[in-house]
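Residues per chain, in single letters:
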Amino acid sequence: MTEGLYTGGYNQCLEILKFFIRYLHKNTNYQINLYTDILQKKVHTVPQSTLDKNERQKNIKNSFTVSENSLKEIILFDDIATTNSTLKEACKELKKSGIKTIHILVLAKA
């Protein structure tokens, strides 16, 4: 399986995920490729943490773009899921790009 995630500036998600992948490669038979350029923000948005649930959904709507790829299955990683607005919007765009199966891995649920 492979995964894509948004990376812009310093990204604690990316650092956590790199550690996790190194652990899997060293201690299991899982071989996961890390893709950081599949899902990208196409517009600047207000930080989701400053908004309520309805504002978060509006804020993130149509904010992602997906680069051309041939992947059919991915793992989408996020550090914190609060209202799931970001994950839902990301999955919508990933599915439109042709990715059939999306596994979501979240470090913490608020």
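The coordinates are above.
What comes next is a walk through the structure. A quick note: this is a predicted structure, and the numbers were derived from the prediction, not measured. Every chain is numbered independently, its residues counted from 1 as its sequence is written. Residue-level local features of this predicted model are given only where pLDDT is at least 70; pairs of side-chain atoms are given and counted only at 80 or more, and the full residue set underlies all totals for whole chains, interfaces and linings. Side-chain numbers come from the whole structure's heavy atoms, not from hydrogens or water.

Another point: the side chain of Asn 59. If you trace the backbone, Asn 59 turns up in helix α2 (residues 53–60). Only protein chains enter the calculation, and the probe is 1.4 Å; a residue is then buried if its accessible area is under 20% of its type maximum, exposed if over 50%, and partly exposed in between. For Asn 59, a relative accessible area of 17% translates into the label buried. Polar contact is defined as a pair of N or O atoms within 3.5 Å, subject to the rule that within protein one atom must be able to donate a hydrogen and the other to accept it, and that residues adjacent in sequence are counted only when both atoms are side-chain atoms. A distance of 2.6 Å separates a polar atom in the side chain of Asn 59 from a polar atom in the side chain of Gln 48. Helical segments are the DSSP runs of H or I of at least four residues, strand segments are the runs of E of at least two, and each set is numbered from the N terminus.

A few words on unusual backbone geometry. Unusually for a residue other than glycine, Asn 62 sits at a positive phi of about 55°. By the secondary structure assignment, Asn 62 is in the loop between α2 and β4 (64–66). At Asn 84, a position not held by glycine, the phi torsion is positive, near 70°. Positionally, Asn 84 belongs in the loop between β5 (73–81) and α3 (85–96).

Here the focus is the environment of Phe 77. Tracing the sequence through the fold places Phe 77 in strand β5. By relative accessible area, Phe 77 is classed as buried at 8%. C-alpha separation for the pair Phe 77 and His 25, spaced 52 residues apart in sequence, amounts to 17 Å.

Moving on, we come to the pairing of β5. Burial analysis of β5 places seven of its nine residues in the buried class, which makes it a mostly covered element. Relative to strand β6 (residues 101–109), β5 runs parallel, the two sharing eight bridges. Its bridge partner being in β6, Ile 75 is matched across the sheet by His 103. The pairing criterion is simple: DSSP has to find at least two bridges between the two strands.

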